[in-house]
Amino acid sequence: MDVFVELSAELTGFSAEELRSTGLVEQYRALAGGASEAEIIQLWYTGVWRGVIPTERAYAEGLAWKAAGVAPPGTAAPGFGSWERRPGSSAR
């Protein structure tokens, strides 16, 4: 039995399998050691840990997007972080 996943499932309302399918269990377990329940909920729902997005995947797999039934902004082309790069010249 995985205590972190079971606690996370109870706190978020998503099943243990749904949480595992994000591919973030190990990373979140490492981040959330000793965290409060509120911090664990925030991590799963927003993909933000203490003000920082640990990876692109954390943002894209945030449970808030799944709960709302929408795709996370910026995850479809041109992709996460694309606003940081200047657009290439067009071939007009």
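Residues numbered from 1 in each chain as written. Predicted model: local features only at pLDDT ≥ 70, side-chain atom pairs only at ≥ 80, totals over all residues. Heavy atoms only, no water.

1. Regarding helix α4 (residues 37–46)
Argument step 1. Those residues of α4 not exposed but buried are Ile40, Leu43 and Trp44. The arc that holds the buried residues of α4, viewed along the axis, is 90 degrees, so those residues lie on one side.
Argument step 2. Of the surrounding secondary structure, the elements contacted by the buried residues of α4 are α1 (3–12), α2 (16–20), α3 (25–31) and α6 (63–68).
Argument step 3. Downstream of α4 by one or two residues, glycine 47 has phi in the positive range, about 75 degrees. (Buried < 20%, exposed > 50% of the residue type's maximum accessible area, 1.4 Å probe, protein only. Helix = DSSP H or I, 4+ residues; strand = E, 2+ residues; numbered from the N terminus. Arc of directions from axis to C-beta. Contact = heavy atoms within 4.5 Å.)

2. Topic: the side chain of aspartate 2
Argument step 1. As for its position among the elements, aspartate 2 is in the segment before α1.
Argument step 2. The class of aspartate 2 is buried, set by a relative accessible area of 19%.
Argument step 3. A polar contact is formed between the side chain of aspartate 2 and the backbone nitrogen of valine 5, at a distance of 3.2 Å.
Argument step 4. In contact with aspartate 2, not counting residues within four places along its chain, are Arg20, Val25 and Arg29. (Polar contact = N/O pair within 3.5 Å; in protein donor to acceptor, adjacent residues only side chain to side chain.)

3. Overview of the packing of α1 against α4
The angle between the axes and the distance between the axes are what describe a pair of packed helices.
Argument step 1. The contact between α1 and α4 brings their axes to 10 Å, and the two run at 80 degrees. It follows from the interaxial angle that α1 and α4 lie roughly perpendicular. Mapping the contact onto sequence places Phe4, Leu7, Ser8, Leu11 and Thr12 in α1 and Glu37, Ile40, Ile41, Trp44 and Tyr45 in α4.
Argument step 2. Taken together, the residues that form the contact of α1 with α4 break down as 7 nonpolar, 2 polar and 1 charged. (Axes fitted to C-alpha atoms, helices over the stretch in contact; angles between N-to-C directions. Parallel < 35°, antiparallel > 145°, perpendicular 65-115°, else oblique. Nonpolar A, V, L, I, M, F, W, Y, C, P; charged D, E, K, R; others polar.)

4. Regarding unusual backbone geometry
Argument step 1. A positive phi angle is found at arginine 50, which is not glycine, with a value near 50 degrees.
Argument step 2. Relative to the assigned elements, arginine 50 resides in the loop between α4 and α5 (56–60).
Argument step 3. The exposure class assigned to arginine 50 is exposed, which follows from its relative accessible area of 57%.

5. With respect to the pattern of salt bridges
Argument step 1. Counted under the stated rule, the structure contains 4 salt bridges.
Argument step 2. Between arginine 29 and aspartate 2 there is a salt bridge, and its shortest N-O distance comes to 3.0 Å. With arginine 29 in helix α3 and aspartate 2 in the segment before α1, the pair connects residues that are 27 residues apart, well separated along the chain.
Argument step 3. Via salt bridges that share partners, Asp2, Glu26 and Arg29 belong to a single interconnected network. (Salt bridge = Lys/Arg side-chain N within 4 Å of Asp/Glu carboxyl O.)

6. Remarks on α1
Argument step 1. Burial in α1 covers these residues: Phe4, Val5, Ser8, Ala9, Leu11 and Thr12. One side of α1 carries all its buried residues, which in axial view fall inside an arc of 165 degrees. Pointing more than 90 degrees away from the buried face of α1 are the exposed residues Val3 and Glu10.

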